Amino acid sequence: MKRRTFLKSSAAAASGSLVAGSLMAGCLETIVEATIDEKQAAQKEEWVPTTCWIGKQDCGILARRVGGRVVKLEGHPANPVNHGTLCPKGIAQIMAMYDTNRVKAPLIRTNEKGVPGEFRRASWEEALTLVAGKVKETRARDPHAVIWQKGRSKAKAFYDDAFAGATGATKLHHGAYCSDAGYRACEYTVGLHGVLHPDFRHCRYLLSWGWNITNAGGNKLCYLTWPRQLVDARERGLKVVAIDPRLRGAGRFADEWLPIKPGTDLALAMALCHQLVKQGTIDQDYLKSFTNAPYLVKDDGTFLRMAGSEMVWDAATGAAVVRAEARDPVLSGEFTVDGQPVRPAFEVFTKHIATYTPEWAETVCGIPAATIAHVAKELGENAMIGNKMLVEGLSLPYRPVAIMAYHMTQQELGFQAVRAMLTVMMLLGAVEAVGGQRVDFSWKPNDNYDKLDQATVKDGPYNIYLKESKFFPINSNNSGIVAKAMLDPAKYGVKSIPEVCILHMTNPLIAYPSRKDIMEAYSKLKFVVAIDPWLSETADYFADVVLPAATMEKYEGPISATDQYVDAVTLRVPPMAPLYESRGDIDIYLDLCEKIGVLLGPDGYLALLNKSLKLKEPYLLPLDKKPEVRAIFDAWAKSQGIEEGVAFFERNGVKVKGPVPASKFYGIAQNPPFDGRIQRLYGESLLRIQQEMKAKGADEIYWRDYTPLPTWRPLTLDASPADYDLYLVSFKLIEFKQSRSAFIPILNELAPDQCLEINPKAASSRGIEDGDEVWVESHNAITGETRKLKVVASYRESIRPDTVGMAHHYGMWVHPRAKGMGASPNELFFTGEGYVTNTADQSFHVKVRVYKA
Amino acid sequence: MTRGKLAVSMVLGGFFLQALSYFFLAAPLGIPTGVEYSNPRLPFAPAIFIAGVMLVFIAAIVYELLPDRDGGE
Amino acid sequence: MPRYGMVIDLDRCTGCRACMAACKVENNTPEGSFWMYVFRFEEGEYPNTRIWFMPRPCMHCDNAPCAKVCPVGARYKREDGIVATDWDRCIGCRYCEVACPYSVNYFNWRDPEENQYVNWKDPELEALSGGVIPPYKNPDLDRPCGPEKRHIAGASHVEGVIEKCTFCVHRVEAGKTTACAANCPEHAIIFGDLDDPASEPSQKLQRKSSFRLLEEAGTHPRVQYVGGTPHGHGWRQIQPAGKRS
């Protein structure tokens, strides 16, 4: 063909198709339109109220269902916790629910453990019978041989209380990884169950102490509740000082950033105490009335007592009297009572903090002394000591300063560091005052105030988490310590190690620090059941049976939906039937208990459920037959006084009980204030516990932090050789929750890559460019063990030059989307001595060195 | 018509189409006080502009393909 | 006729990217397509570092460069201000993508049904979802919109076609607000009628001074930002979303 002809015919063809195309476009519009409009008419739209399953606080959701198919999840407008909105995880959950990579039917393992699993599909009948048989047989021999390990329990009454109670399984949980060092400190010191958060409505000056404001929940919550209150408070003028080795979490909202060296928070808190006392900005009345600061202390560190009661020095009479009789107790001075020298606990405290100057603190935590002094000054000024505010007709002390802290408590000195932080707030008279420091959502005195105070050291043998042991008398139940005890039971005085493990919504191999210890411990278990919507990495390597749980398509609860100011309760209601052959967890447990033989009868699961759900006549569950799950929630709702029963929640989603009155909200508003509970500025019983531990032959590493006052000491991790010159910390990303979301594609796309956050100066001095692959190697200062992994370095100006950070959620390998996502820092952290607190709480700090790969 | 004249007229025609589209058929220039400032005055105006550009370039091909006065290529 | 616009309060935004997820599920955008994108920026040198966030939807410009260059009139600006893409008519030439200075256009290189993150062609799932891809596909997106009755809602309809933020036209016409604004946990994104002085965006603009992106480009965006502090130099993006590198 000639060139001409070719070109002519091409041109003709091209123009022909252009014309045809434009003509067709018109036709297409008509065709498509006609078909779709017909279909639309058939679709019925419903909105099913339920709650989020991924996060921690079960945000209220309205599931949009069209033609029986769930198409979108939107926030429930009436739920106080999330007021009509959702974080990215809540939105993305719809993809997780439909995920074709979910475990579709019960799986039974066919190969050996410790390697990627090969499973065969089984019927529920077969799988449940196998599991029940193992549990039944094991607990008949030794009830302690069955452990129930949860990550997140979304129905405490059904799982932690009734199931563990009926089977006698030893409960393991996740608190020692989360923030329990803070819980223990607050329970012991002020008698409330929580860590630290502000009365946002009235607070004016906030120390965001390790609070990952833009990514994480803060005290007791998941994500969006506190940040919304913070943002509103900022518009009213709240000042925020971020204390954190990384700025990222506080990011946008920090007026000032104190880049603290990891693990040195106790030092900073004590220096602030030092300055407050030096400045004289302390609430003397508060200390005298509500804390044990005036109690007289003898030379041996114990309180002076008369007929069992603590004594104070009364300036009015010039004598030591019982607390209740004193008219003018003093905080300082040296006195003599019956020939014994005594002084108020506050005097002991003042002497104790004499050396904790800002200049000293600068050498420890890396924050300039002038900055520490000026923050103390601002705390003193903003605390408005002596002021009162009228709230709902009550005249209450107004102290608008507070700390928000949660996961940062999980460091070697965490328990005492939180005590030190509480002390700062006690000195300012801000604990449970208006605008001030809060611990729980409302005033709810906790049993552990007495239990921890009365903790004793028992003789062995100890249970698998060393409860009441000479190692950890106050004990947060750390699964890493459980692993250590399983691997060396003789060392820890443990006689029997568990055989059967039930994993409930947890993935220890990924989510728990010190993967090596966890892996070795799990190899020792004889039978492992995973109740999980996906095949977790732990199940992949160690599960004998996988029981597919539903995600949000199930009944679960009851769920508290409080934002601290408004009380509400909600339930998880299935927006569609459980997908594939998955089942709701409660369904699974009912059948399991039936097969084990612990469902019915006066000591059975149902009897315990009646108690844990606080069911009332005539709605008590009969103890002779297995109920439907929905019927149980109906009984619960009616017992709560909701006449419609569970149908109320199926229609409305949330029962808003109303605003919490100030009289129930503030501890200081109680009559008498704090119900007479004295805050323990001086921890006398901690000294007693220490002496008991010594008497039972415990090593110093276990008893050295059981001191009556927070005391700084060099950290264990700093004893690592000098070439391990960086601190590794891990942190949370808003896109993910633990290890149950990093593989959800929509979320994974938002945060696709693991990286090592490193300061550019630190990186370039090590010859590392932005984006280079590096080795991160950790070192255990006690055992000398080293661990390493490869990761990509990413420059950050917003992190200390001596610190590097890795996000928590990566490191998975089972889900197709997880492959190649990058490693988990939990491979590098250690557990056990030197890397846990004196309360067995896990530390998330370790010394590392970083070098180019 | 010689190929030269044809090619030149195609080039001129192409530029004419471009100018026509740009100045008279495309969205008007100026501070936008309404949606008419974003939408072309004639919906296919940019296509006409492109056609003009194509015409200019195809002129070269046409010139090369057509025989000159002597019948050679 | 309302004059739709958006106000984004940078003092309130926490960079959580919930708006990105909400937009994605509402509009069924395929992988890699971020009609709403939230930038996370870092600037300064340690310890004088600053972090801030910026959500960036389509600007729905009053002087829309993309609408001006569309050769087939598929990209057009409606009377209410929404700049829409008729996915029936689009020929995929990508001139709008070239013209837009904000890079808000996304081209469907692949069949959208192959590009929805997961292989949804699983018989066990199809039995439950009716074979729809993705299984949470929004049925509102197929409806023609506006008095002009054109197919401008949602994404992922056709391969070889451009798509971008539609200000959730299918929701707006049903009397709701955009998915991103409805879902923002900090109430930082506000959508509404700029001509109504009582509307939320108007109220915000009365209270706080605002700026627009790339003012010098003369595009007259309908998306305005309030709050925040002007950035210094040396700012850079951290934690980008997108494909794994």
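About the cut-offs
- Every chain's residues receive numbers from 1 upward, in the order its sequence appears when written.
- Labels are handed out in written order, letters beginning with A for the chains and numbers beginning with 1 for the ligands.
- Residue-level local features of this predicted model are given only where pLDDT is at least 70; pairs of side-chain atoms are given and counted only at 80 or more, and the full residue set underlies all totals for whole chains, interfaces and linings.
- As a convention, hydrogens and water are excluded, and side-chain values are obtained from all of the structure's heavy atoms.
- Strands here mean DSSP runs of E at least two residues long; helices mean DSSP runs of H or I at least four residues long; both are numbered from the N terminus.
- With C-alpha atoms as the basis for the radius of gyration, the globule rule is written as 2.2 Å multiplied by the number of residues raised to the power 0.38.
- For each residue, the accessible area found with a 1.4 Å probe, counting protein chains only, is set against the maximum for its type, and the residue is called buried under 20%, exposed over 50%, and partly exposed in between.
- The contact rule is simple, with two residues in contact once any of their heavy atoms fall within 4.5 Å.
- Residue-level accessible areas treat just the shown protein chains as cover; the underlying method is Shrake-Rupley with a 1.4 Å probe.
- Charged-residue counts in this description rest on Lys and Arg as positive and Asp and Glu as negative, His and the chain ends being excluded.
- Lysine's charge is taken at NZ, arginine's at CZ, aspartate's at CG and glutamate's at CD.
- Reported domain spans reflect what an automatic or database domain assignment gives.
- Once two parts are put together, the accessible area they lose, assessed with a 1.4 Å probe and summed over both, is termed the buried area.
- We define a salt bridge as a contact between a side-chain nitrogen of Lys or Arg and a carboxyl oxygen of Asp or Glu at a distance within 4 Å.
- Each polar contact in these results corresponds to two N or O atoms within 3.5 Å; when the atoms are within protein, one needs to be able to donate a hydrogen and the other to accept it, and residues that are neighboring in sequence are counted only if both atoms are side-chain atoms.
- Here the nonpolar group is Ala, Val, Leu, Ile, Met, Phe, Trp, Tyr, Cys and Pro; Asp, Glu, Lys and Arg are the charged ones; every other residue, Gly included, is treated as polar.
- To get an axis, a line is fitted to the C-alpha atoms, and for a helix only the part in contact is used. The angle between two axes follows their N-to-C directions and goes from 0 to 180 degrees.
- Our angle categories are set so that under 35 degrees counts as roughly parallel, over 145 as roughly antiparallel, 65 to 115 as roughly perpendicular, and the remainder as oblique.
- Should DSSP find at least two bridges between two strands, the strands are regarded as paired.

Colleague: Mind showing me how you'd approach the overall build of chain B here?
Modeller: Broken down by element type, chain B carries two helices and zero strands. For chain B, whose C-alpha radius of gyration is 17 Å, the value lies well above the compact-globule estimate of 11 Å for 73 residues. With the C-alpha coordinates aligned to their principal axes, the bounding extent of chain B is approximately 60 × 15 × 15 Å. Per-residue burial for chain B yields a buried fraction of 32% across its 73 residues. Expressed as a percentage of contacts within chain B between residues at least 6 apart in sequence, the contacts between residues at least 24 apart total 56%. If you sum the accessible surface of chain B, you get close to 4,600 Å²; carbon and sulfur atoms cover 73% of it. Across chain B, 4 positive and 5 negative side-chain charges occur, with their mean positions spaced 8 Å apart.

Colleague: Just checking my understanding: could you explain the domain arrangement of chain A for this structure?
Modeller: Where interface size is quoted, it is often the accessible area lost as the parts come together. Residues and elements named next belong to chain A. Considered domain by domain, chain A is made up of domain 1 (1-42), domain 2 (48-98 + 553-658), domain 3 (107-173 + 452-548), domain 4 (181-290 + 356-442 + 679-703) and domain 5 (716-852). Contacts between domain 2 and domain 3 engage 32 residues on the former and 31 residues on the latter. Summed over both partners, the interface of domain 2 with domain 3 comes to about 2,800 Å²; 70% of that surface belongs to carbon and sulfur atoms. At the junction of domain 2 and domain 3, the tally comes to three salt bridges. A salt bridge links Asp58 to Lys154; the nearest nitrogen and oxygen atoms lie 2.9 Å apart. Applying the counting rule to domain 2 against domain 3 returns eleven residue pairs in polar contact (both at pLDDT 80 or more). Per element, the largest residue contribution to the side of domain 2 that touches domain 3 is nine residues, and it comes from helix α19 (residues 585-596). Among the residues forming the side of domain 2 that touches domain 3, the class breakdown is 17 nonpolar, five polar and ten charged.

Colleague: Got a minute to help me understand the side chain of Gln239 of chain C in this structure?
Modeller: Its location among the elements puts Gln239 of chain C in the segment after β11 (236-237). Polar contacts involving the side chain of Gln239 of chain C include one to the side chain of Arg248 of chain A, which spans 2.9 Å. Each residue touching Gln239 of chain C, except ones within four places of it in the same chain, is listed here: Arg248, Leu733, Glu757 and Arg796 of chain A together with Arg17 and Arg40 of chain C.

Colleague: Got a minute to help me understand the packing of helix α8 (residues 265-279) of chain A against helix α11 (residues 358-365) of chain A in this structure?
Modeller: If you want to describe how two helices pack, look at the angle between their axes and the distance between the axes. All names here are of chain A. Axis separation between α8 and α11 bottoms out at 9 Å; the angle between their running directions is 170°. By the angle between their directions, the pair α8 and α11 is classed as roughly antiparallel. Counted together, Ala267, Leu268, Ala271, His274 and Gln275 of α8 and Pro358, Trp360, Ala361, Val364 and Cys365 of α11 form the full contact between these two elements.

Colleague: What is the right way to look at the pattern of salt bridges in this model?
Modeller: Two side chains bearing opposite charge may form a pair once their charged atoms approach each other closely. Considering all chains together, one arrives at 94 salt bridges over all chains under this definition. One network of salt bridges, with partners in common, ties together Lys484, Lys516, Asp517, Glu520, Glu785 and Arg787 of chain A.

Colleague: When you look at the interface of chain A and chain C in this model, what are you seeing that I'm missing?
Modeller: At the junction of the two partners, chain A supplies 71 residues and chain C supplies 76 residues. In total, about 6,000 Å² of surface goes out of reach between chain A and chain C, with carbon and sulfur atoms giving 53% of it. When the shortest N-O distance is used, the salt bridge between Arg252 of chain A and Asp11 of chain C registers 2.8 Å. Along the contact surface separating chain A from chain C lie 36 residue pairs in polar contact (both at pLDDT 80 or more). Taken together, the residues of the side of chain A that touches chain C break down into 34 nonpolar, twelve polar and 25 charged.

Colleague: Would you mind going over the sheet that holds strand β29 (residues 756-758) of chain A with me for this structure?
Modeller: Paired through their backbone hydrogen bonds, the strands of a sheet run either parallel or antiparallel. Residue and element names in this part refer to chain A. Around the barrel, six strands lie side by side as β28-β32-β29-β31-β30-β33; this closed barrel has mixed pairing. Direction aside, neighbouring strands of the sheet carry axes that sit 45° apart on average. Summarising the sheet, β29 and strand β32 (residues 803-807) pair through three bridges and their orientation is antiparallel. Looking at the pairing, Glu757 lines up with Gly805 of β32.

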